[in-house]
Structure formats: C-alpha cells, structure tokens
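Spelled out from the first residue to the last, the chains are:
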Amino acid sequence: MILDPEFHARYGSTAVVAGATEGIGRAFAHQLAEKGLDLVLLARRTDLLDAEAHLLRRRHGVRVDAISLDLGAQDLALRFAEILEGRDVGLLVYNACYSKIGPFLETDLASKQATLDVNCRGPVVLASLLAPKLVARGRGGLIFMSSMSGLQGTALVGTYAASKAFDNVFGEGLWSELRPHGVDVLVCVAGATSTPNFEAQTPESKRKQVFPMTPEAVARGALAKLGDGPIYYAGPLNLALATAMRLLPRRAAVDFISKNTRKVYG
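Not measured: the values here are computed from a predicted model.

*Asks:* Is there a simple way to think about the sheet that holds strand β4 (residues 89-94) in this case?
*Replies:* Pairing between the strands of a sheet comes from backbone hydrogen bonds, and it takes one of two forms, parallel or antiparallel. The 7 strands lie next to each other as β3-β2-β1-β4-β5-β6-β7, forming an open sheet whose pairing is parallel. Of all strands in the sheet, those with a lone pairing partner are β3 (64-68) and β7 (231-233), marking the two edges. The sheet shows a mean angle of 15 degrees between the axes of neighbouring strands, taken without regard to direction. The sheet contacts of helix α3 (residues 46-60) involve β2 (38-43) and β3, and relative to β3 the element is tilted by about 175 degrees. Its contacts with the sheet place helix α8 (residues 215-225) against β5 (140-147), β6 (183-190) and β7, and it is angled at close to 150 degrees to β6.

*Asks:* Sorry if this is basic, but what is going on with the pairing of β2 here?
*Replies:* Taken residue by residue, a regular strand's side chains alternate between the two faces of the sheet. With 5 of 6 residues buried, β2 lies mostly within the body of the structure. Taken together, the 5 bridges between strand β1 (residues 14-18) and β2 define a ladder with parallel strand orientation. Paired with Ala18 across the bridge in β2 is Leu42. With respect to chirality, the unit in which β1 leads through helix α2 (residues 23-34) into the neighbouring parallel β2 is right-handed. Direction of pairing for β2 relative to β3: parallel, over a ladder of 5 bridges. Counted as the bridge partner of Leu41 is Ala66 from β3.

*Asks:* I'm lost on the packing of aromatic side chains in this one. Help?
*Replies:* For any pair of aromatic rings, the description rests on two quantities: the centre-to-centre distance and the angle between the ring planes. Overall, the coordinates contain 3 aromatic pairs when judged by the stated rule. For the pair Phe7 and Tyr11, a centre-to-centre distance of 4.7 Å together with 50 degrees between the ring planes defines the contact as tilted. With Phe7 and Tyr11 both in helix α1 (residues 5-11), this residue pair falls 4 residues apart, about one helical turn. The same class applies to Phe7 and to Tyr11, which are both buried. Note on Phe166 and Phe170: the rings are 5.9 Å apart at their centroids and 15 degrees apart in plane angle, and the pair reads as stacked. Residue Phe166 and its partner Phe170 are both found in helix α6 (residues 158-178); the two are separated by 4 residues, about one turn of the helix. Classification of Phe166 as partly exposed rests on a relative accessible area of 35%. Of the aromatic side chains, those joined through ring pairs into one cluster are Phe144, Phe166 and Phe170.

Definitions and cut-offs
Counting restarts for each chain, with residues numbered from 1 along the sequence as it is written. For this predicted model, a pLDDT threshold of at least 70 governs which residues receive local features, and a threshold of 80 or more governs which side-chain atom pairs are given and counted, while totals over whole chains, interfaces and linings are taken from all residues. Just so you know, side-chain values use all the structure's heavy atoms and leave hydrogens and water out. Strands qualify as paired when DSSP identifies two bridges or more between them. Comment: elements are numbered from the N terminus, with helices defined as DSSP H or I runs of at least four residues and strands as E runs of at least two. Lines are fitted to the C-alpha atoms to define the axes, a helix being fitted only along its stretch in contact, and any angle between axes, read from their N-to-C directions, falls within 0 to 180 degrees. It only takes one pair of heavy atoms within 4.5 Å for two residues to be counted as in contact. The classification of residues rests on relative accessible area computed with a 1.4 Å probe and restricted to protein chains. Under 20% of the type maximum is buried, over 50% is exposed, and intermediate values are partly exposed. Whether a crossover is right-handed comes down to one check: with the strands pointing away from the viewer, does the path from the first strand over the helix to the second run clockwise; if it does, it is right-handed. Within 6.5 Å between ring centres, the rings of Phe, Tyr and Trp (the latter by its six-membered ring) count as paired, and their orientation is classed by plane angle as stacked under 30 degrees, edge-to-face over 60, tilted in between.

Pasting the structure below:
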C-alpha cells in the first residue's frame, strides 16, 4: 500500500538500507516501511537481519529482502551489482559504520583499515553502482550517515573522524553533481545517538553528558530534509554546536572536541 504518494513519486518503490539491523539504520527501515516502500536490508548478522525483516513484513505489509553482506568486503562491488539486478531501487541509505574507540597507537591496523573500508570505500562503491541508474530515470535519492566527529580531528577516534570527514565532502560533491539530474543527496550528521553501539561503548554514568538523540528522531529529521541537502545536522543542539565550531580557530576546535571525548571515553 502506498502511504506517501509524493515520496513514492520521488524515490520509487524500493529502498536499500545498508547497516539496517540496529540503531539509526533500523529506524530508517521502519520509517520507510511506514511510507509503504519495499526494502532491501543489508548487514552482516543473518540472525538480526531475518528477525528485523520478519517484523517489518508483519508490521507494515511491505516486501523485505534481508541480505547478509559485509560492507567492507573486497568483492562488495560485485555483490551489490547482483543485489541491484532486477530491483527498482530508488533510494539508498548508507548507515553502515565501523568505529573502534581508543588511542591511535593502541589501535590495531586491521581495525583502522576496516574503518576506511566500511565508512569510505563502501559508500563510494554503492553510490557508483546505483547513481547511474537514478540519473537515467531522473529521480531518486542517496542518504549518507555521518558524525559530528567528522567536523574536525578528534582524539581517540582519529581514523573514524577522518572517515566521516570524507563522507561529508563526498556527499556534498555528489549533491552538486547529481542535483541537476533530479537525484537528491543528503549527508545526515548525527551526534551522540542512543544506539546499541553507543550504549556498548559509552559508560552508563556518562551517557547523559553528551545529550544523545533517539535513532527515530535522527532518521525522521533526515527523511524530512531529503531534497534540501547537502548537509543536515540532526537536532538543534548539533546544529548549534556545528555553527559554533566553525567560528573557532581550528586548533581550538580540535582541542575542545578532543577534551570532551577524553572525558567520556579516555
């Protein structure tokens, strides 16, 4: 059932959500299903994928294909091309993310490489394969999830922060290139969000210090802003912080954010 005809007309009948089983990705999946879109869910854990797909089908009556996929895999382009074959995908939400918190010198190289593979190479691969199809039909959308960490270098998450800076600039460039062809691109920059990963890595006593948003609020705001791009700062607090950080000298911005990151995770 098409519950949002205007959204369907703009973004088609099927959306891909990469990193769909928890947190913000899960919220995107449910909100898109509420609009009546069929879904292709991508993530590594088959058990969570299957459970979420079953819930979405039962709750919203949409078609859901759950596909186990490592978004950092070397054969990602081949696998995603196979996934797109025969599907009328009009919207991609790239929420998949890899992050390991800790001092750079104490973080293993494999973790740093995984961060680059999932957070940087993954969006480029998926966009490279889907964007030509969207341009050919003259409509569609791409949403890339990013982070406030990507606005400046940040201690303890140096590689992750750099990967999110890449996502910001990559999404802005695509927004400029694809907008004349009818394709909307949005980078959603989120701050602390109450996801399972956030709760697993953040000491319970310190979670309230960073004012986490709900995943549902982040996803809802991003979908409302899709078409306005290129950057959406999730929530008024993150927008205010991003605005203030731009006014600071670069060194002061890095020191400020790094100091607060160490307070929570150091």
